[in-house]
Amino acid sequence: MEQLSAGQKLDEAFEKLNQEKSLSFEFSLDTDAASLKAMDGSSSPEPGEEMPDEVAQLLSDAKVSVTVQSKKPFGKSGEKDFDRMAMKVSGPDGRLVEYRVIGDQTYLRTDASTLGKAMGAPLPKAADLPPEAGALKKVLEGEWVKIDTKQMEELAAENGAEPGAEPSPQPTLDAATQKKLMKAVREVVAREVTLKSAGSGDGTERVTATAPFRTLATELVGELRPLAKKLPPGMELPTDKELKDAPDGKVKADITLKNGELKEVRLDLAKLAENTKVKKFGLVIRMTDGVKPTAPAGATELDVEQLMAGMLGGMGAEGPDGAVDGM
């Protein structure tokens, strides 16, 4: 009964999220720089391509805050219903990058000095950019710029396409298929994930979910394969061989509920690294009290097409390998 009770409580918590129209959360890595460096070493990077100490420290300290807003409850929302979104990446010394999507406009600003310091590679100063850079100088000065979202998507879709070709519509899952998929995922989780719960007198409930990663991944991918052709571009499913080579360690999630609402999820993924030097590696997601994403005043318009043309023009007569044409 304990596992069934824990599963029911999780279902109710996620059903409450489906009824919301706005959601704010923060996620971060639960790790340290030494563990990240050890994981990087396991991939046998080429000399000179190892993860810099500054980047390892940045990733271990960074926090990402997200707010999404829909016109409909999330459980009934389609892609076109999400009309507002805000995301901010912060480090110990403050904001690094922030952007918002409001209707047809995307707003962006960054603290170039803090970001460059965190990356261990100072970014250029606005005064060092050519005139063609235009509003890009505003980005380096830490001011808001705005981009036409549709223009940005069209340029991305046209990248690599034949001249005059119409961008192909992205595959989407219809409502009936989504329901079948969710049902299949729930069945796999109920079959393979062990749930335990422990409550307290103040309305806090802690649910621990444990599962063997390779088995869980194999079964989930098996349920997704019939829908592979309908998945968005870039979401390629792993092959059977890749699944057989996947780590078989157990993953654990500690989920905190408060009065039936989801408050925090902590994923412990250290065993998947299969490296004794990786002492701590996980992901933490916390629900937060977000604010309604609004369009920042005074943002400078950034023409993506003009910017790209200006940057390419700024390369002069250099070819793709940095060599001057004809040389």
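In this text, all values refer to a predicted model and were calculated from it rather than measured experimentally. (Residues numbered from 1 in each chain as written. Predicted model: local features only at pLDDT ≥ 70, side-chain atom pairs only at ≥ 80, totals over all residues. Heavy atoms only, no water.)

(A) Region of interest: the overall build of the protein chain. Scanning the protein chain from N- to C-terminus turns up ten helices and twelve strands. Buried residues in the protein chain amount to 31% of all 327 residues. Relative to all contacts within the protein chain whose residues are 6 or more apart in sequence, the contacts with residues 24 or more apart total 62%. By element, 54% of the accessible surface of the protein chain is carried by carbon and sulfur atoms, the whole surface being about 20800 Å². (Helix = DSSP H or I, 4+ residues; strand = E, 2+ residues; numbered from the N terminus. Buried < 20%, exposed > 50% of the residue type's maximum accessible area, 1.4 Å probe, protein only. Contact = heavy atoms within 4.5 Å. Areas by Shrake-Rupley, 256 points an atom, 1.4 Å probe, with all protein chains shown as cover.)

(B) Seen up close, the nonpolar core. Leu 10, Val 193, Leu 195, Val 207, Ile 255, Leu 257 and Leu 262 are the most contacted members of the largest nonpolar core, which totals 16 residues. Looking at this core, the elements with two or more residues in it are helix H1 (2-18), strand S8 (204-212), strand S9 (250-258) and strand S10 (261-268). Counting residues in each nonpolar core, the second largest holds twelve residues, with Ala 62, Val 64, Val 89 and Leu 96 among its members. (Core = buried A, V, L, I, M, F, W, Y, C linked by side-chain atoms within 4.5 Å.)

(C) Structural view of the pattern of salt bridges. Inspection of the entire model under this criterion finds 16 salt bridges. Across the pair Asp 202 and Lys 258 runs a salt bridge, and its minimum N-O distance is 3.7 Å. In this pair, Asp 202 sits in the loop between strand S7 (194-199) and S8 while Lys 258 sits in strand S9, placing the two residues 56 residues apart along the sequence. The class of Lys 258 is partly exposed, set by a relative accessible area of 28%. Among the salt bridges present, the one from Glu 261 reaches Lys 263, with a minimum N-O distance of 4.0 Å. According to the relative accessible area criterion, Glu 261 is partly exposed, its value standing at 39%. Within this structure, Glu 26, Asp 30, Glu 264, Arg 266, Lys 280 and Arg 286 form a network of salt bridges that share partners. (Salt bridge = Lys/Arg side-chain N within 4 Å of Asp/Glu carboxyl O.)

(D) Geometry of the sheet that holds strand S4 (residues 94-102). Spatial strand order, S7-S8-S9-S10-S11-S1-S2-S3-S4-S5-S6-S12: twelve strands in an open sheet with mixed pairing. Of all strands in the sheet, those with a lone pairing partner are S7 and strand S12 (300-301), marking the two edges. Pairing geometry for strand S6 (residues 145-148) and S12, over two bridges, is parallel. The residue of S12 that forms the bridge with Val 145 is Thr 300. Against the sheet, helix H8 (residues 213-224) contacts S8 and S9, and its axis sits at roughly 85 degrees relative to S8. (Pairing = 2+ DSSP bridges. Axes fitted to C-alpha atoms, helices over the stretch in contact; angles between N-to-C directions.)

(E) Main features of the pairing of S10. Bridge count between S9 and S10: seven bridges; the pairing is antiparallel. What sits directly across from Lys 258, in S10, is Glu 261. A loop of two residues connects S9 with S10, the two strands running antiparallel in sequence, and Asn 259 in this loop sits at a positive phi of about 50 degrees.

(F) Summary view of helix H4 (residues 112-119). Every buried residue belonging to H4 is among Ala 112, Thr 114, Leu 115, Gly 116 and Ala 118, and all of these are buried. Where H4 is buried, its residues meet helix H3 (53-61), S4, strand S5 (105-110) and helix H5 (136-140). After H4 finishes, the residue Gly 120 shows a positive phi value of roughly 75 degrees.

(G) Expanded view of the environment of Val 304. Here Val 304 shows up in helix H10 (residues 304-313). Looking at Val 304, the relative accessible area reads 14%, which means it is buried. Setting aside anything within four residues of it in sequence, one finds Val 304 in contact with Ile 147, Gln 151 and Leu 155.

(H) Examining the packing of helix H2 (residues 33-42) against H3 more closely. At their nearest, the axes of H2 and H3 sit 8 Å apart, and the two run at 120 degrees to each other. Judged by the inter-axis angle, H2 sits oblique to H3. With respect to the hand of their crossing, H2 and H3 are arranged in right-handed fashion. Taken together, the residues of H3 that come into contact with H2 (itself represented by Ala 33, Leu 36 and Lys 37) are Asp 53, Ala 56, Gln 57, Leu 59 and Ser 60. Partitioning the contact of H2 with H3 into residue classes produces four nonpolar, two polar and two charged. (Parallel < 35°, antiparallel > 145°, perpendicular 65-115°, else oblique. Left-handed = near helix turned anticlockwise from the far one by under 90°. Nonpolar A, V, L, I, M, F, W, Y, C, P; charged D, E, K, R; others polar.)

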